[in-house]
Amino acid sequence: QVQLVESGGGLVQAGGSLRLSCAASGRTFSSYAMGWFRQAPGKEREFVAGISRRRDSTYYADSVKGRFTISGDNAKNTVYLQMNSLKPEDMAVYYCAASQYYSGGSIAREYNYWGQGTQVTVSS
């Protein structure tokens, strides 16, 4: 089993940057593909970015391509989401998720474990 704890959210002006971190418990972190999702008020949870088990393949939603970067450090049991050029529409609760059987893609039901979320607020 994996426990995930996100950090790094906060308030930032439009055009600014934030880096989210997701720390995972357990010794088998490298066995999981990882993903970031987000949910804004009144909207469904949506995929943001994913990374494969070996951390050598990444996937992004079109809305964040070129602005967000997902990375992972298996030695530190941590996955990151670097967010640049933030826009008001990026404002949401961001969730980290782990997938035991899939590759880190965009389908939420492929992820077994979820963190509690971290709030990102972008002021215009």
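Given the structure is predicted, the values throughout are model-derived calculations rather than measurements. (Residues numbered from 1 in each chain as written. Predicted model: local features only at pLDDT ≥ 70, side-chain atom pairs only at ≥ 80, totals over all residues. Heavy atoms only, no water.)

### Examining the overall build of the protein
Next up, step 1: Of the regular secondary structure elements, the protein holds zero helices and 11 strands.
Next up, step 2: Written out in order from the N terminus, the α and β elements of the protein read β-β-β-β-β-β-β-β-β-β-β.
Next up, step 3: Taken along its principal axes, the extent of the C-alpha atoms in the protein is 40 × 25 × 25 Å.
Next up, step 4: A fraction of 58% describes how many contacts in the protein between residues 6 or more apart in sequence connect residues 24 or more apart.
Next up, step 5: Summed over its atoms, the accessible surface of the protein is roughly 6,400 Å², and 45% of this surface lies on carbon and sulfur atoms. (Helix = DSSP H or I, 4+ residues; strand = E, 2+ residues; numbered from the N terminus. Contact = heavy atoms within 4.5 Å. Areas by Shrake-Rupley, 256 points an atom, 1.4 Å probe, with all protein chains shown as cover.)

### Section: the state of the cysteines
A disulfide bridge is the covalent bond that connects two cysteines by way of their sulfur atoms.
Next up, step 1: On inspection of all chains with the given rule, the structure shows one disulfide.
Next up, step 2: Through a disulfide, Cys22 is tied to Cys96; the S-S separation comes to 2.0 Å. Taking the sign of the torsion about the S-S bond as the criterion, the disulfide between Cys22 and Cys96, at about -75°, is left-handed. A residue pair is termed long-range when its members are at least 10 positions apart, and Cys22 in strand 3 (residues 18–24) and Cys96 in strand 9 (residues 92–99) qualify at 74 residues.
Next up, step 3: Given the relative accessible area of 0%, Cys22 is considered buried.
Next up, step 4: Note on Cys96: relative accessible area 0%, which makes it buried. (Disulfide = S-S within 2.5 Å. Buried < 20%, exposed > 50% of the residue type's maximum accessible area, 1.4 Å probe, protein only.)

### Side note on the packing of aromatic side chains
Next up, step 1: Taken as a whole, this structure holds five aromatic pairs when the rule is applied.
Next up, step 2: Judged by centre distance (5.1 Å) and plane angle (80°), the ring pair of Phe37 and Tyr111 falls under edge-to-face. Taken together, the residues span a long stretch of sequence, with Phe37 in strand 4 (residues 33–39) and Tyr111 in the loop between strand 9 and strand 10 (113–114) at a distance of 74 residues.
Next up, step 3: In this structure an aromatic cluster arises from ring pairing among Phe37, Phe47, Tyr111 and Trp114.
Next up, step 4: One Lys or Arg, Arg45, reaches over the ring of Trp114 and ends 4.7 Å from the middle of that ring.
Next up, step 5: Positioned over the ring face of Phe29 is Arg55, at 4.5 Å from the centre of the ring. (Phe/Tyr/Trp six-rings, centres within 6.5 Å; stacked < 30°, edge-to-face > 60°. Lys NZ or Arg CZ within 6 Å of the ring centre and 35° of its normal.)

### So, the sheet that holds strand 8 (residues 78–83)
Next up, step 1: Spatial strand order, 1-3-8-7: four strands in an open sheet with antiparallel pairing. One side of each edge strand has no neighbouring strand; the edge strands of this open sheet are strand 1 (4–7) and strand 7 (68–73). Looking at each pair of strands side by side, their axes are set apart by 15° on average, direction ignored.
Next up, step 2: Here strand 7 runs beside strand 8; their pairing, made up of six bridges, is antiparallel. Opposite Gly72, over in strand 8, you have Val79 as the bridge partner. (Pairing = 2+ DSSP bridges. Axes fitted to C-alpha atoms, helices over the stretch in contact; angles between N-to-C directions.)

### Details of the environment of Asp56
Next up, step 1: On the secondary structure map, Asp56 appears in the loop between strand 5 (46–51) and strand 6 (58–60).
Next up, step 2: Separated by 10 residues in sequence, Asp56 and Glu46 place their C-alpha atoms 22 Å apart.
Next up, step 3: Among the polar contacts made by the side chain of Asp56, one reaches the side chain of Ser52 at a distance of 2.9 Å. (Polar contact = N/O pair within 3.5 Å; in protein donor to acceptor, adjacent residues only side chain to side chain.)

### Observations concerning the environment of Lys43
Next up, step 1: Looking at where Lys43 falls in the secondary structure, it is placed in the loop between strand 4 and strand 5.
Next up, step 2: Taking the C-alpha atoms as reference points, Lys43 and Ala92, separated by 49 residues in sequence, lie 9.5 Å from one another.

Shape is all these values report; function is a separate question.
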